[in-house]
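Residue-level listing of the chains:
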Amino acid sequence: MKLMVFPTAAQVDDAVAQRFVALLEKKPQAVLGLATGGTPVGMYARLVELYRQGRISFAKARSFNLDEYIGLPEGHPCSYLHYMRENLFDHVDFAPGAARVPDGHAADIAAAALAYDRDIALAGGIDLQLLGIGHNGHIAFNEPGTPWDSPTRAVQLDESTRRANARFFEDISQVPTQALSMGMKPILQAKSIVMMVLGADKADILARIVAGPADASVPATALLSHPDATVYADAAAARGLTSREVG
Ligand code: PGA
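Residues numbered from 1 in each chain as written. Predicted model: local features only at pLDDT ≥ 70, side-chain atom pairs only at ≥ 80, totals over all residues. Heavy atoms only, no water.

Chemist: Explain the overall build of the protein chain to me, please; I cannot follow it from the model alone.
Modeler: For the protein chain, the count of helices and strands is eight helices and ten strands. The globule rule puts the C-alpha radius of gyration for 247 residues at 18 Å, and the 17 Å found for the protein chain is close to it. Oriented by its inertia axes, the alpha-carbon framework of the protein chain measures out at about 50 × 45 × 35 Å. Looking at the 247 residues of the protein chain, the share that counts as buried comes to 54%. Just so you have it, the protein chain exposes about 10,800 Å², and 53% of that area is on carbon and sulfur atoms. (Helix = DSSP H or I, 4+ residues; strand = E, 2+ residues; numbered from the N terminus. Rg over C-alpha atoms; globule rule 2.2 N^0.38 Å. Buried < 20%, exposed > 50% of the residue type's maximum accessible area, 1.4 Å probe, protein only. Areas by Shrake-Rupley, 256 points an atom, 1.4 Å probe, with all protein chains shown as cover.)

What follows is the structure, given as structure tokens:
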């Protein structure tokens, strides 16, 4: 796992956006793994800006989002489909149906999960997977203890995750208790992974990951043994690291 530290979040946003630019230049039909949450908002804004400048096109690309809540009413503003439309999909040139978010409203969630992994595999796997990280080390909604060969499936959200996400809702009682989450297996099978870590409140978990060891109790430590994973952190998130770790 590589670690890159930038003075500001805006510099992280730009560096990660440039990874998408470089990939889509080389492979316009690339398969992207996309994330939601507070962390990538600025990076998506940068991608939209680069698209408007004619420096990136998603016209031939496909994407698979990491997760979606189960149990929110259709069209709920806190759904991840809504988030992706607002932050990226409505502003760039994905072909209709090419940008996917797990269907948290599927009548048969288990079948939808199976189909999601099948469709990722049929697309050739994920070329570049974007990740954020939870304070407990979760990636997507794979909470601590999730086996690294777990498929996409319905998951129970940790109470700490519900509390962290309550800021997007009116109050915590509105935060769903379940989600449909891409599994650790399809995430770790991505050819390249970029994980964005921003802000002082992520300093402790970033230090834990960088120090290792890799252990399922901290899902993001799975990146330590991935052949092409890079953490992009801002200085605030990296403040708990030693100079040797930053390199
Ligand atoms: P955040 O969430 O970007 O809103 O901090 C990250 C996550 O929980 O994976």
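Chemist: What is the right way to read the environment of T36 from this model?
Modeler: Turning to its location among the elements, T36 is positioned in the loop between strand 2 (31–34) and helix 2 (41–52). For T36, a relative accessible area of 12% corresponds to the buried category. Taking the C-alpha atoms as reference, T36 lies 24 Å from D215; in sequence the two are 179 residues apart. Residues contacting T36, with those up to four places away along its chain left out, are N65, D67, Y80, Y83 and M84. (Contact = heavy atoms within 4.5 Å.)

Chemist: Mind showing me how you'd approach the site of the ligand here?
Modeler: Every residue close to the ligand is listed here: G37, G38, T39, G132, I133, G134, H138, R167 and K202. T39 is positioned such that a nitrogen or oxygen atom in its side chain is 2.5 Å from an oxygen atom of the ligand. Separating an oxygen atom of the ligand from a side-chain N or O atom of R167 is a distance of 2.9 Å. In the complex, the protein chains occlude 85% of the 280 Å² of accessible area that the ligand would expose alone. (Near = heavy atom within 4 Å. Polar contact = N/O pair within 3.5 Å; in protein donor to acceptor, adjacent residues only side chain to side chain.)

Chemist: Whenever I open this one, the packing of aromatic side chains confuses me. Can you help?
Modeler: Note on aromatic pairs: each is described by the distance of the centres and the angle between the planes. The tally for this structure, following the rule as stated, stands at nine aromatic pairs. Ring centres 5.5 Å apart and planes at 85 degrees place the aromatic pair F64 and Y116 in the edge-to-face group. Here Y116 lies in helix 4 (residues 109–122) and F64 lies in strand 3 (residues 62–65), a separation of 52 residues in the sequence. For the pair shown, F64 and Y116 are each scored as buried. (Phe/Tyr/Trp six-rings, centres within 6.5 Å; stacked < 30°, edge-to-face > 60°.)

Chemist: Please explain the environment of A140 as it appears in this structure.
Modeler: Looking at the secondary structure, you find A140 in the loop between strand 6 (128–131) and strand 7 (153–156). Exposure remark for A140: the relative accessible area of 9% places this residue in the buried category. The residues touching A140, leaving out its near neighbours within four places in the chain, are L66, D67, S181, M182 and I187.

Chemist: Mind showing me how you'd approach the sheet that holds strand 4 (residues 67–70) here?
Modeler: Strands belonging to one sheet form pairs held by backbone hydrogen bonds; the direction of such a pair is parallel or antiparallel. In space, the three strands of this open sheet follow the order 4-8-7, with antiparallel pairing throughout. Pairing within the sheet leaves two strands with one partner each, and these edge strands are strand 4 and strand 7. Across the sheet, the axes of successive neighbouring strands diverge by a mean angle of 30 degrees, strand direction being ignored. Both strand 7 and strand 8 (residues 178–181) contribute to a ladder of four bridges, which runs antiparallel. From the neighbouring strand, R153 faces strand 8, where its bridge partner is S181. (Pairing = 2+ DSSP bridges. Axes fitted to C-alpha atoms, helices over the stretch in contact; angles between N-to-C directions.)

The quantities given are spatial measurements derived from coordinates; they are silent on function.
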